[in-house]
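# Observations on chain architecture
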Amino acid sequence: MVVPKYCDPNTVYTPKDIQTDMLSEHGLNLSYMQAWRAKEKALQFLRGNPSDSYSKLPKYFYILEETYPGSVVKLKKAADDCFLYAFVALCTSISGWQHCRPVVVVDGTLLKSVYRGIMLTTNTMDAAGTIFPLAYAVVDSENDASWRWFFEQFKKAYGERPSMCVVSNKNESILKATSIVYPGMPHYSCMWHIWTNIRSKFKKGHLQLHELYFATARSYTLDEFNERMLKIEEVDLRVKSYLYDIGYHRWTRVHAMVNRTFTMTSNIAESLKKRQESCQYMIY
């Protein structure tokens, strides 16, 4: 009776809903734990056992390589022979990379299934200005080791291009990994993430600072930039110091060492998160 409710992965049907329906439709008063076990059984019936799904990954990766020659797929196991990392870059993305802007936007999103973990993604913009997915990976957490492994696999698949750069949030592990795997390649911070940090750290003049900050980040000339920074200083000197400590080259257009085009944020990665979250059950 519960299984049909979970056929659509977008449906939210909680144990509390099961309790309510069983009572109203069948006169059965279930405990929360009984309802929760019913939900777990239904999901297992539809999607199988998560551990069994992990055991099928080597076969799945073999089929990917056979079906899409030129793809780069990698499975890494821990010392106890259990799953640790997985990486996928399909051949169509690899061949299309040469026709896209050399700006790589990276991000991670939480996986909400039994074994948890993180999905890492890289995206860019194509010549038409649309989102172009490059690669994804499933790892245990966002740490130095996982991000370094991810970028090592990414470099094997995509190599390095002139004027290439990375855009991300201010995750220290990303900064470390790119400096090791791609030494000398510019790394830029998402200007929106910086703004959210400013808003939480400094409680003064948000309405004035909002417009000023984004205009400053998008400035095309040094004169424009300096003029707007003086205005930020008038509103709150602490904010100017905070932005200086980050490094102007990391968040402003005019100080950027390469042309990052219009990719001033990691929004193209954020926009894929909802789709990833709705499809997460497929991974398991």
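What counts, and where the lines are drawn
Residues numbered from 1 in each chain as written. Predicted model: local features only at pLDDT ≥ 70, side-chain atom pairs only at ≥ 80, totals over all residues. Heavy atoms only, no water. Helix = DSSP H or I, 4+ residues; strand = E, 2+ residues; numbered from the N terminus. Polar contact = N/O pair within 3.5 Å; in protein donor to acceptor, adjacent residues only side chain to side chain. Contact = heavy atoms within 4.5 Å. Expected span 1.5 Å × (residues − 1). Buried < 20%, exposed > 50% of the residue type's maximum accessible area, 1.4 Å probe, protein only. Salt bridge = Lys/Arg side-chain N within 4 Å of Asp/Glu carboxyl O. Axes fitted to C-alpha atoms, helices over the stretch in contact; angles between N-to-C directions. Parallel < 35°, antiparallel > 145°, perpendicular 65-115°, else oblique. Left-handed = near helix turned anticlockwise from the far one by under 90°. Nonpolar A, V, L, I, M, F, W, Y, C, P; charged D, E, K, R; others polar.

### Here we look at the side chain of Asp236
If you trace the backbone, Asp236 turns up in the loop between helix 10 (222–235) and helix 11 (237–246). A polar contact is formed between the side chain of Asp236 and the side chain of Arg238, at a distance of 2.8 Å. Other than its neighbours up to four places away in sequence, Asp236 contacts Phe202 and Lys204.

### Here we look at helix 9 (residues 206–217)
In this model, helix 9 (12 residues) spans 16 Å end to end at C-alpha, consistent with the 16 Å of a helix rising 1.5 Å per residue. Listed in full, the buried residues belonging to helix 9 are Leu209, Leu212, Tyr213, Phe214, Thr216 and Ala217. Looking at the buried positions of helix 9, the neighbouring elements they touch are helix 8 (191–201), helix 10, helix 11 and helix 12 (248–251).

### Focus: the pattern of salt bridges
Applying the stated criterion across every chain yields a total of seven salt bridges. The partner of Lys231 in a salt bridge is Glu227, with the nearest N and O atoms 3.9 Å apart. Of the two residues, Lys231 and Glu227 are both situated in helix 10; the distance of four residues between them amounts to about one turn of the helix. On the basis of relative accessible area, Lys231 is assigned to the partly exposed category, the value being 40%. On the basis of relative accessibility, which here comes to 46%, the residue Glu227 falls in the partly exposed class.

### Overview of the packing of helix 6 (residues 144–158) against helix 7 (residues 172–181)
One can describe the packing of helix 6 onto helix 7 by two numbers: an axis separation of 8 Å at closest approach and a directional angle of 40°. As summarised for this structure, helix 6 and helix 7 are arranged oblique, according to the angle between their axes. Pair helix 6 / helix 7 crosses with right-handed handedness. Residues Asp144, Trp147, Arg148, Phe151, Glu152 and Lys155 of helix 6 touch helix 7, and the partners they reach there are Ser173, Ile174, Lys176, Ala177, Thr178, Ile180 and Val181. A breakdown of the residues in the contact of helix 6 with helix 7 according to their chemical character gives six nonpolar, two polar and five charged.

### Quick look at unusual backbone geometry
Generally, phi is negative for residues other than glycine and the peptide bonds are trans, each holding for most cases. Unusually for a residue other than glycine, Asp81 sits at a positive phi of about 70°. Within the secondary structure layout, Asp81 lies in the loop between strand 1 (72–77) and strand 2 (83–89). Phi is positive for Ser163, close to 60°, though the residue is something other than glycine. Tracing the backbone shows Ser163 in the loop between helix 6 and strand 6 (165–168). Under the relative-accessibility criterion, Ser163 is labelled partly exposed at 45%.

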